Amino acid sequence: FEGRFGRAERLAQHALVDTSLAGAASLVAARAAHRMQESERRDRWLEAAGDEPGAWHAQLMTSAELALEEKRPEDALAAIEPLRGGGPRPLHAMRLSLRAYEMAEDWSSLLQTLRELEKRDALHPAAIRGLKIRAYRALFSEPQADAGFVQRLHASLAPSDLAIDEVVEAAVRAFARVDLPDQAARAIERALEARFADSLVSLYAELDAVPARERLANAERWRVRYGDDAVLLATLGRLCAAGELWGKAE
């Protein structure tokens, strides 16, 4: 804790004579060697800790943490895997898995772990929201995401996911990219029935494959409901111009 890592490793070596302390001492030494970038010594200490009674779980957790610090998500996940077993996983193991999946850009596994943490109220809502936005943006924009994939992914979204404007926006752009403009429009319309969002209103104006008059009718309803928001008025103007309603556009 003082940052005197060489001394910590030496003291841990002396503590090995007490078998009740050997597991913890080996893990202290492993962390100290890691801080000194002595990876071979660190790995020997970790291996020694795994042989000590009662230290196996701590050794796996420590191995995962240190692997993540070195940007080795696959090794971190391999260390955590034996902890799955039966019953709920330890929260710390789940948080480490989450970091590993994010680092490896395994967005489907990240979302699955995120849902478990969300159920257990084990992560700050702002962190959950940010990770969902990043994951769904990546999934919806995958090069191999065809119409079927986009539809299935959108259908899998929970109500809490659909309450995030950026997630809806990612889905809408994906629908438009795979030539499903009507589904893109419906996604925005459902969201704007629940709440007002400038970004979704602006995006609605870009869906040129959907008739302008149809979009205009919906936008006028939103104006009655939400008032003269500047972005909404600009969208109305664009839609009127697209429908050649020049006076109203002006």
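The following paragraphs examine the structure supplied in this document. (Residues numbered from 1 in each chain as written. Predicted model: local features only at pLDDT ≥ 70, side-chain atom pairs only at ≥ 80, totals over all residues. Heavy atoms only, no water.)

Further remarks concern helix α9 (residues 147-155). Inspection of α9 places Val-150, Leu-153 and His-154 among the buried residues, and these make up the whole buried set. For α9, the angular spread of buried residues about the axis comes to 100°, placing them on one side. Exposed residues pointing more than 90 degrees away from the buried face of α9 are listed as Arg-152 and Ala-155. (Buried < 20%, exposed > 50% of the residue type's maximum accessible area, 1.4 Å probe, protein only. Helix = DSSP H or I, 4+ residues; strand = E, 2+ residues; numbered from the N terminus. Arc of directions from axis to C-beta.)

Turning our eyes to something else, we now look at unusual backbone geometry. Non-glycine residue Gln-37 carries a positive phi angle of around 60°. Mapped onto the elements of the fold, Gln-37 is located in the loop between α2 (22-35) and α3 (39-50). On the basis of relative accessible area, Gln-37 is assigned to the exposed category, the value being 73%. One non-glycine residue, Lys-71, lies in the positive phi region at around 60°. Along the polypeptide, Lys-71 turns up in the loop between α4 (56-69) and α5 (73-80). With relative accessibility at 59%, the residue Lys-71 sits in the exposed group.

Across its 16 residues, helix α8 (residues 125-140) extends 22 Å between first and last C-alpha, which sits within 8% of the 22 Å expected from 1.5 Å per residue. Burial in α8 covers these residues: Ile-128, Leu-131, Lys-132, Ile-133, Ala-135, Tyr-136, Leu-139 and Phe-140. Next to the buried residues of α8 lie α6 (91-104), α7 (107-119), α9, α10 (159-162) and α11 (165-177). (Expected span 1.5 Å × (residues − 1). Contact = heavy atoms within 4.5 Å.)

All right, on to the pattern of salt bridges then. Inspection of every chain in the model, using the stated rule, returns 22 salt bridges. Between Arg-41 and Glu-38 there is a salt bridge, with its nearest N and O atoms 3.7 Å apart. For Arg-41, a relative accessible area of 27% translates into the label partly exposed. Overall, Glu-38 belongs to the partly exposed group, its relative accessible area being 33%. (Salt bridge = Lys/Arg side-chain N within 4 Å of Asp/Glu carboxyl O.)

Glancing now at the environment of Leu-157. Checked against the element boundaries, Leu-157 lands in the loop between α9 and α10. For the pair Leu-157 and Val-168, spaced 11 residues apart in sequence, the C-alpha separation works out to 9.5 Å. The contacts of Leu-157, once residues within four sequence positions are left out, are Tyr-136, Phe-140, Leu-162 and Val-167.

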